[in-house]
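Below, each chain spelled out in residue letters.
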Amino acid sequence: MKKLNEVLIGTGTEIYREIIPLMLLGLTGSAALVPAILFLPATLTLLLLPLIYMPLIFGSFYAYHRKTEGKKLSVRSMLGGAAKGFAPSFLLGLLLALLGLILWSTWWYYGGRGSLAGRAVAIFQTYFVAMALISQFYTLQLVIQREMGIFKAMGESVKLFFRHPAYTIGAFIQAVCVGVMLAVTVVGFFALFNGMLAVYSHKAVHNVLNPEEAEETAEGQGTGGAVYAGRERI
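Residues numbered from 1 in each chain as written. Predicted model: local features only at pLDDT ≥ 70, side-chain atom pairs only at ≥ 80, totals over all residues. Heavy atoms only, no water.

A. Structural detail: the pattern of salt bridges. Counted according to the given criterion, the structure contains 3 salt bridges. Put simply, E14 and R17 hold a salt bridge, and the shortest N to O gap is 2.5 Å. With a gap of 3 residues between them, E14 and R17 both fall in helix α1 (residues 4-17), about one helical turn apart. Residue class for R17 comes out exposed when judged on its relative accessible area of 54%. A salt bridge links E18 to K67; the shortest N-O distance between them is 3.6 Å. Taken together, the residues E18 in the loop between α1 and α2 (19-39) and K67 in helix α3 (residues 42-68) connect sequence positions 49 residues apart. A relative accessible area of 22% places K67 in the partly exposed class. The structure contains a network of salt bridges with shared partners spanning E14, R17, E18 and K67. (Salt bridge = Lys/Arg side-chain N within 4 Å of Asp/Glu carboxyl O. Helix = DSSP H or I, 4+ residues; strand = E, 2+ residues; numbered from the N terminus. Buried < 20%, exposed > 50% of the residue type's maximum accessible area, 1.4 Å probe, protein only.)

Written out as structure tokens, the structure reads:
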């Protein structure tokens, strides 16, 4: 299995090669996100994110997966994927919204008390929500790459999290860090985040689901190096 830094480097290379179509995916997703953030109350925005934005994220994942199968990376493919994956992405979005609501209500109720015990409960609940969130890192890609149902994919994602905890946490943190760096420019986030996440998520999850490909590549490079060294000696 490849290391995370190799996955990140491969993601950067792919984004450089496909920058225009990936920007179109990001802008299409942001077209639904920006009005919700600017003009709607926070509660309504939280409800609309699973309904609108999560299917568009799924569509970006689907479009890039189709690209790896030799299809064209396009907004049309993204919208088709969003329609096809509306139900699973909506259900996952509801789970993420629920986790966010739990976290907010915990800090509002316990964090506002000012007591050490209340803050301890809030911190523990934050840890619980973070682990629950990270454990679903693989879910949408399992639906796409392995054609699983959403509930089976959620369970399998938790299994993969426990099987590869360091890798999963590291991959999640890398994705968040790149998102934060894009958010600094604001425009970069709205133009590139969806596309970047689609490429990185696909590569990170594919790496876990198909570790033999990385091993074959490494063996091939090792064999090639041995042959080259033999030629040099001759």
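More follows now that the structure is in view.
B. Focus on the packing of aromatic side chains. Applying the stated criterion across every chain yields a total of 6 aromatic pairs. Between F137 and Y138, the aromatic rings sit 5.4 Å apart at their centres with planes inclined by 85°, giving edge-to-face as the arrangement. Of the residues examined, F137 reaches a relative accessible area of 13% and is grouped as buried. Here Y138 falls in the buried class, since its relative accessible area comes to 0%. (Phe/Tyr/Trp six-rings, centres within 6.5 Å; stacked < 30°, edge-to-face > 60°.)

C. Geometry of the environment of L197. Relative to the elements of secondary structure, L197 occurs in helix α10 (residues 187-209). Leave out the neighbours within four places in its chain, and L197 touches I57, F61, A175 and H202. (Contact = heavy atoms within 4.5 Å.)

D. Looking closely at the UniProt feature "transmembrane region" (unreviewed entry) in the protein chain. UniProt annotation of "transmembrane region" (unreviewed entry) refers to residues 20-40, 46-64, 85-110, 122-144 and 165-193 when read in the numbering used here. Secondary structure across residues 85-110 divides into 92% helix and 0% strand, with the first and last C-alpha atoms of the span separated by 37 Å. (UniProt positions renumbered as here; feature names shortened; annotations may be inferred.)

E. Spotlight on the nonpolar core. Ranked by size, the top nonpolar core spans 45 residues in total, and within it F61, F137, Y138, L142, Y167, M196 and Y200 carry the most contacts. Where this core is concerned, the elements lending two or more residues are α1, α2, α3, α4 (75-84), α7 (139-145), α8 (150-163), α9 (165-185) and α10. In terms of residue count, the dominant contributor to this core is α10 (10 residues). (Core = buried A, V, L, I, M, F, W, Y, C linked by side-chain atoms within 4.5 Å.)

F. Geometry of unusual backbone geometry. A positive phi angle, close to 55°, is found at E147, a residue other than glycine. Mapped onto the elements, E147 comes out in the loop between α7 and α8.

G. Structural context of a nonpolar patch on the surface. A cluster of nonpolar side chains, I37, L38, F39, L40, L44 and L47, forms an exposed patch at the surface whose accessible area comes to about 620 Å². Of the residues forming the nonpolar patch, the biggest block, 3 residues, is contributed by α2. Inspection of the secondary structure puts I37 in helix α2. Overall, the relative accessible area of 48% leaves I37 in the partly exposed class. (Patch = residues over 30% accessible without salt bridge, like charges linked within 9 Å, V, L, I, M, F, W, Y side chains within 5 Å. Areas by Shrake-Rupley, 256 points an atom, 1.4 Å probe, with all protein chains shown as cover.)

H. Main features of α10. Spanning 23 residues, α10 covers 33 Å between terminal C-alpha atoms, matching the ideal 33 Å at 1.5 Å per step. Roughly 50° is the biggest bend found in α10, and it falls at F193. (Expected span 1.5 Å × (residues − 1). Bend = angle between axes of the 7 residues up to and from the residue.)

I. Structural detail: the packing of α8 against α9. Running from N to C, α8 and α9 point in directions that differ by 105°, and their axes come no closer than 5 Å. With respect to their mutual orientation, α8 and α9 come out roughly perpendicular. Within the contact between the two elements, α8 uses L160, F161, F162 and R163 and α9 uses P165, T168 and I169. Residues belonging to the contact of α8 with α9 are distributed by class as follows: 5 nonpolar, 1 polar and 1 charged. (Axes fitted to C-alpha atoms, helices over the stretch in contact; angles between N-to-C directions. Parallel < 35°, antiparallel > 145°, perpendicular 65-115°, else oblique. Nonpolar A, V, L, I, M, F, W, Y, C, P; charged D, E, K, R; others polar.)

J. Fine view of helix α6 (residues 116-134). End to end, α6 covers 27 Å across 19 residues, agreeing with the expected 27 Å (1.5 Å per residue, within 8%). Of the positions making up α6, those classed as buried are G118, A122, V129 and I134. For α6, the arc enclosing every buried residue in end-on projection is 135°, short of the 170-degree limit, so these residues lie on one face. In this structure, α6 carries L116, A117, I123, F124 and Y127 as exposed residues pointing more than 90 degrees from its buried face. For α6, the elements touching its buried residues are α5 (86-109), α8 and α9. (Arc of directions from axis to C-beta.)

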